[in-house]
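Fold and geometry: a report
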Amino acid sequence: MTDTVSSAPSQSPGPLLPPDKGRDRPLVFVAAILVFLACVAGLGARGAWLAAEAWTSDLAHSVTIQVRPVDDRDLIADQAEAAALAAGMAGVSRVDTLDRDYAEALVSPWLGQGNLPEDLPLPLLIRVELVEVGSLDLDDLTRAIDTAGLPATVDDHSRWSGAVRDAARTAQLFGLALLTLLSGAAAAVIAFAARASLAARIDVTDALHLCGAEDRFIAALFQRRFFMLGLKAGLGGAAAAGAVALIVSLSETPADQVFFLPHWALAPFEIGLLSAAPIVAGLISAVSARLAIAADLRARW
């Protein structure tokens, strides 16, 4: 007779550091918020740069002539004559004369709407579009206007271009500084969580030490665990930031007027930033956890 030997089903060993959902969920949530804010800061810095480039490009490709009202002169005639002089200059592609309604719209934010007297002297503007940047000799245009005796001034927008660039640079620096601070905050949060996780599993680490495990092996266990946590948080934060950028861009308010967020587009920078956020979050988490665990193990053993 053949004896039948029954054996219990084999079980694969569990991980040395099993997940702790009670502690992991709040950590992932907090880290995801930090990643979200970091992505928004990065998108904001990018949006500020793109907005400044667009604004300065518009300013650099045009010139404004301001025709001042003077007693005993026909303001409309002076504007028409100045426009004709500008249209005859080399390097000019288009000349537009802007009426009094346009001038009133410009001053209405300061003086209010509907309460401007009809006899209020307002200068009339002429918009001169250039073929390319620098194609018009402004000195020649100024001399032609002065020779004709017109009470007009040529503005090349250089002062406004500089102000726009300075504002964009400030917004960029603010966004990059915020990004750096958020990265440091995330590293500090992960380091604190790693130390708390080590304290909660001190019996496991003691057993590993007794079995001959080195500190770097134990630190690598925590490093892998927190890398995955950071990766999950990065995915959630990047997805939320992308959704916000998309919603803002599709709203009625232009995205560049709301926190300088760029309009949503399949642009390499935006895709690269949101795609890299989870990897960067995982690396920050891994490095912070490893350094914190290694320091605590050296102090203990």
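Quick summary incoming for the structure in this document.

Examining the overall build of the chain
Looking only at helices and strands, one finds eight helices and four strands in the chain. Traced from its N-terminal end to its C-terminal end, the chain shows the element sequence α-β-α-β-α-β-α-β-α-α-α-α. The buried share among the 301 residues of the chain stands at 35%. Here the analysis covers contacts within the chain between residues at least 6 apart in sequence; of these, 81% occur between residues at least 24 apart. Surface exposure of the chain reaches about 17900 Å², of which carbon and sulfur atoms provide 63%.

Considerations on the packing of aromatic side chains
Scanning the entire structure with this criterion turns up zero aromatic pairs. Over the ring of phenylalanine 226 we find arginine 225, and its NZ or CZ is 5.3 Å from the ring centre.

Looking at helix H4 (residues 138–147)
The distance from a side-chain oxygen at the start of H4 to the backbone nitrogen of aspartate 139 is 3.0 Å, and the residue carrying that oxygen is aspartate 137. A positive phi of about 75° marks glycine 149, the residue just after H4.

A closer look at the packing of helix H5 (residues 158–200) against helix H7 (residues 215–250)
The N-to-C vectors of H5 and H7 enclose an angle of 130°; their axes lie 11 Å apart at closest approach. Here H5 lies oblique to H7, going by the angle between them. The way H5 lies across H7 gives a crossing that is right-handed. Between H5 and H7, the contacting residues are Ile190, Ala193, Ala194, Ser197 and Leu198 on the first element and Phe222, Arg225 and Phe226 on the second. A per-class count over the contact of H5 with H7 returns six nonpolar, one polar and one charged.

How each quantity is defined
Residues numbered from 1 in each chain as written. Predicted model: local features only at pLDDT ≥ 70, side-chain atom pairs only at ≥ 80, totals over all residues. Heavy atoms only, no water. Helix = DSSP H or I, 4+ residues; strand = E, 2+ residues; numbered from the N terminus. Buried < 20%, exposed > 50% of the residue type's maximum accessible area, 1.4 Å probe, protein only. Contact = heavy atoms within 4.5 Å. Areas by Shrake-Rupley, 256 points an atom, 1.4 Å probe, with all protein chains shown as cover. Phe/Tyr/Trp six-rings, centres within 6.5 Å; stacked < 30°, edge-to-face > 60°. Lys NZ or Arg CZ within 6 Å of the ring centre and 35° of its normal. Polar contact = N/O pair within 3.5 Å; in protein donor to acceptor, adjacent residues only side chain to side chain. Axes fitted to C-alpha atoms, helices over the stretch in contact; angles between N-to-C directions. Parallel < 35°, antiparallel > 145°, perpendicular 65-115°, else oblique. Left-handed = near helix turned anticlockwise from the far one by under 90°. Nonpolar A, V, L, I, M, F, W, Y, C, P; charged D, E, K, R; others polar.

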